[in-house]
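# Report on the structure
Below, each chain spelled out in residue letters.
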Amino acid sequence: MCGIIGISSNKPVSTIILNSLKKLEYRGYDSAGLATIHKGFINEIKCEGRVNNLEKNVLTSKSDGLIGIGHVRWATHGAANTINAHPHSSEKVSVVHNGIIENVTILKKHLINNGHKFKSQTDTEVIVHLITEYLKTNNIKNTITKVLNKLHGSFALGIIFTDHPDLLVGARRGSPLAVGYGPNENYLGSDSYALKSMTNKITYLDDGDFCILRKDKVDFYNSEGVIINKKILELSKEDIDINKGDFKHFMAKEIAEQPNTINACIKEYINKLNNELSIFNFPWKKEDFNKIILIGCGTAYHACVIAKYWFEKLTNLEVDVDIASEFRYRNNRFRKDNLYVFVSQSGETADTHAALDLCNKNKMKTCAIVNVVESSIARDAQFVLPIHCGQEIGVASTKAFLGQMLVLYLITLKISKIRNEINDLQYANKICQLKELPELILKTLKTETKISSLSETFSNAKGSMFLGRGHSYPVALEGALKLKELSYIHAEGYPAGEMKHGPLALIEEGMPVVVIAPRDDHYEKTMSNMQEVIARGAKVLLITNKSSDEIKFDNLWEKIEVETSSIDLMPFLLTIPLQNLAYYSALTLGHDIDKPRNLAKSVTVE
Ligand code: AGP
């Protein structure tokens, strides 16, 4: 939820920190700040809002410090203002923090009783005062070991010291943190994205680790303060300077990229010569599991709900789906023939990672479907399936959602095949249908023009409903989430058959309702549900697919027809107009589309 950067160099660091914070803004942008050590003093600069607000202050301050830390914030404790912005500093120590300190109240009480004065409402400030206190009688390493063991909760920390201007400390528990290695300088960052523009040599800290980082060497320690060795990874060369190209927003670019990203993912898993689906090193045999449990948050959870329909249709497995923050506190039945699948774009979502940890502790089979293969969830799962959609910058997930659905569909086919629950002809047909998907998505993107003309109705509405049956129901959930998180207007995804059990009371004259109804087995019944809401004044936008026997409705507000694919693959196509509906509604409202208020790209706190 927050982004951290730290640098120790042989040249002034404030400008490099500033540029790195801009790359980290997708992790939070309520406020920003940096601190450097120069001539024995902490030079702290902070601001409310975006990193751009910080820039002018940094440039005028002409800070020449060769060591520093920086932070972009998503508020957990304390309002999103300058006082609560990080870094937090005493006279001798400055700290940036991503996470939540759960025993802040008792720690703060003791510190205040010992004469410490607090300036902010944050939990982080407690760490500053604890370190300051312990430094009076301990060296750096012992101070850090002792302080970290007093903290409950999660943290990724960057810490600098006036009395030690040649070093900075990084520490990790529950929130991601990495070290990067450069020429005559070394770096600390929340993730590889923050560091990739400076280096591709990365070390990931594990929970309990801390490091003492100098410009020419980095020492790592475990939670007892014992020195440990850590691997240096050389990350793949990716498109480091991600940019928007001709698009107004990253979200628009990422929606438009979907034919290519789906194509790239298909090429990774389907051999174009023999059409064989190759999921290399799949570690389990058909007798190893009889139940699949799919777990995720937000959009990733919606991909899991869609996949449940696929697993139920194509395999005889028992299938459960759960929201990670619910799963981790449930009285789960951990059986050895369960297979747990964790879906996460970032691979850093705290609840999903905690659910994975719980399964690992219970010695369960675990598989992760992620976009960031160097992420914590990828590292901690037994088996990893990347979605290969490239870095997704827009906080509202689009191309990653289709990538998650695709890999979930591929794993469904793979498991159905090894369990002999799909015959060779059906299997071959489904692989061929998949190969047509990128072209169908490309054609469906053309619905953008019409959708953009309808978006004003939604941006002016008090609220809206998204209805569907079968696997169009989770598509409705996703469409509603997209509209909510971008337009800040209430929208609800609901099973079309459920409206008469209460929510029909919400329908009033002129309320926009999106009905998602491809020409599948649920079509007729969904049309009846559509008439029920029209009869009560709803303005219905019907999302369906092109069909030779088109049915016309004279009381329909609007209709969007997506391309026609096999029924299995319709969720991919039905999602496209819903992504654009949310995008254009937010554009009409003038919202910050790539960084919607209150949200962040990677939710690394509970
Ligand atoms: C997506 O539009 C949302 N911003 C959000 O629900 C997201 O899907 C969720 O936080 C899970 O993130 P993850 O896929 O990185 O785990």
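Summarised in this report is the structure supplied together with it. (Residues numbered from 1 in each chain as written. Predicted model: local features only at pLDDT ≥ 70, side-chain atom pairs only at ≥ 80, totals over all residues. Heavy atoms only, no water.)

So, on to helix α11 (residues 350-361). Across its 12 residues, α11 extends 16 Å between first and last C-alpha, which sits within 8% of the 16 Å expected from 1.5 Å per residue. For α11, every residue scored as buried is listed here: Ala350, Asp351, Thr352, His353, Ala354, Ala355, Leu356 and Cys359. Buried residues along α11 sit in contact with β8 (168-173), β16 (291-296), α10 (324-327), β18 (338-344), β19 (365-370) and α12 (376-380). Lys363 sits one or two residues past α11 and shows a positive phi near 55 degrees. (Helix = DSSP H or I, 4+ residues; strand = E, 2+ residues; numbered from the N terminus. Expected span 1.5 Å × (residues − 1). Buried < 20%, exposed > 50% of the residue type's maximum accessible area, 1.4 Å probe, protein only. Contact = heavy atoms within 4.5 Å.)

Attention now moves to the sheet that holds strand β14 (residues 227-228). Spatial strand order, β5-β6-β7-β8-β12-β13-β14: seven strands in an open sheet with antiparallel pairing. Unpaired on one side and paired on the other, β5 (88-89) and β14 mark the two borders of the sheet. Alignment of strand β7 (residues 155-161) against β8, held across six bridges, turns out to be antiparallel. From the neighbouring strand, Phe155 faces β8, where its bridge partner is Arg173. Sitting on the sheet, helix α4 (residues 124-135) touches β5, β6 (93-98) and β7, and the angle it makes with β6 is about 140 degrees. Lying over the sheet, helix α5 (residues 140-150) contacts β7, β8, β12 (210-213) and β13 (218-221), oriented at roughly 155 degrees with respect to β12. (Pairing = 2+ DSSP bridges. Axes fitted to C-alpha atoms, helices over the stretch in contact; angles between N-to-C directions.)

To continue, consider the packing of aromatic side chains. Scanning the entire structure with this criterion turns up 11 aromatic pairs. Look at Phe282 and Phe383: their rings are 5.7 Å apart centre to centre, the planes differ by 85 degrees, and that puts the pair in the edge-to-face class. Remark: Phe383 occurs in strand β20 (residues 383-386) and Phe282 occurs in the loop between α8 (258-269) and β16; sequence separation between them is 101 residues. Since its relative accessible area comes to 8%, Phe383 is described here as buried. Through a chain of ring-to-ring contacts, three or more aromatic side chains come together here, namely Phe282, Trp284 and Phe383. In this structure, Lys417 packs its charged tip against the face of Tyr427, placed 5.0 Å from the ring centre. Above the plane of the ring of Tyr523 lies Arg519, whose end atom (NZ or CZ) is 4.5 Å from the centre. (Phe/Tyr/Trp six-rings, centres within 6.5 Å; stacked < 30°, edge-to-face > 60°. Lys NZ or Arg CZ within 6 Å of the ring centre and 35° of its normal.)

So, about the site of the ligand. Surveying the vicinity of the ligand reveals 16 residues, the closest of which are Ser344, Gln345, Ser346, Thr349 and Glu485. Side-chain polar atom of Ser346 to an oxygen atom of the ligand: 2.7 Å apart, as the coordinates give it. The pocket occupied by the ligand, as judged from atoms lying within 2 Å of grid points, is the largest pocket. For the shell around the ligand, the elements supplying multiple residues, two or more each, are α9 (298-314) and α17 (472-487). (Near = heavy atom within 4 Å. Polar contact = N/O pair within 3.5 Å; in protein donor to acceptor, adjacent residues only side chain to side chain. 1 Å grid on protein atoms, 1.4 Å probe; cavity = no way out; pocket = protein on both sides within 12 Å on 5 of 7 lines; lining within 4 Å. Sits in = over half its atoms within 2 Å of the grid points.)

A separate point is unusual backbone geometry. Cis geometry marks the peptide bond from His86 to Pro87, where omega comes out at 5 degrees. In the Ramachandran plot, His388 falls in the positive-phi region, its phi being about 55 degrees despite a non-glycine side chain. Turning to its location among the elements, His388 is positioned in the loop between β20 and α13 (399-418). Using a relative accessible area of 29% as the deciding quantity, one classes His388 as partly exposed.

What follows covers the packing of helix α16 (residues 448-459) against helix α19 (residues 570-589). It is the contact of α16 with α19, at a shortest axis distance of 8 Å, that shows an interaxial angle of 55 degrees. Relative to α19, the element α16 is oriented oblique. The two elements α16 and α19 meet at a crossing, and its hand is right-handed. Here Glu448, Ile451, Ser452, Ser455, Glu456, Phe458 and Ser459 of α16 lie close against α19, whose contacting residues are Pro577, Asn580, Leu581, Tyr584, Ser585, Thr588 and Leu589. Its residues assigned to classes, the contact of α16 with α19 shows six nonpolar, six polar and two charged. (Parallel < 35°, antiparallel > 145°, perpendicular 65-115°, else oblique. Left-handed = near helix turned anticlockwise from the far one by under 90°. Nonpolar A, V, L, I, M, F, W, Y, C, P; charged D, E, K, R; others polar.)

The subject of this paragraph is the sheet that holds strand β21 (residues 463-468). Across the sheet, five strands lie side by side as β22-β21-β23-β24-β25; this open sheet has parallel pairing. Of all strands in the sheet, those with a lone pairing partner are β22 (490-495) and β25 (558-562), marking the two edges. On average, each strand axis in the sheet is inclined to that of its neighbour by 20 degrees, with strand direction left out of account. Across six bridges, β21 lies against β22 in parallel orientation. In the sheet register, Met465 faces β22, and the bridge partner there is Glu492.

The next thing to look at is the environment of Pro12. For Pro12, the position within the fold is in the loop between β1 (3-9) and α1 (14-24). In this structure, the C-alpha to C-alpha distance between Pro12 and His38, residues 26 residues apart in sequence, is 9.6 Å. Non-local contacts of Pro12, meaning those with residues more than four positions away in its chain, are made with Ser63, Asp64, Gly65 and Leu66.

With that out of the way, let us pick up the side chain of His86. Residue position: His86 is located in the loop between β4 (67-73) and β5. In this structure His86 comes out as buried when scored by relative accessible area, which is 4%. In this structure the side chain of His86 is engaged in a polar contact, spanning 3.2 Å, whose partner is the backbone nitrogen of His97. Within the structure, His86 has its side chain in polar contact with the side chain of Thr124 (distance 3.5 Å).

If you trace the backbone, Ala80 turns up in the loop between β4 and β5. When its relative accessible area of 30% is taken as the criterion, Ala80 is described as partly exposed. Residues Ala80 and Asn598, 518 residues apart in the sequence, show an inter-C-alpha distance of 9.8 Å. Those residues in contact with Ala80 that lie beyond four places of it in its chain are Asp30, Glu48, Arg73 and Ala75.

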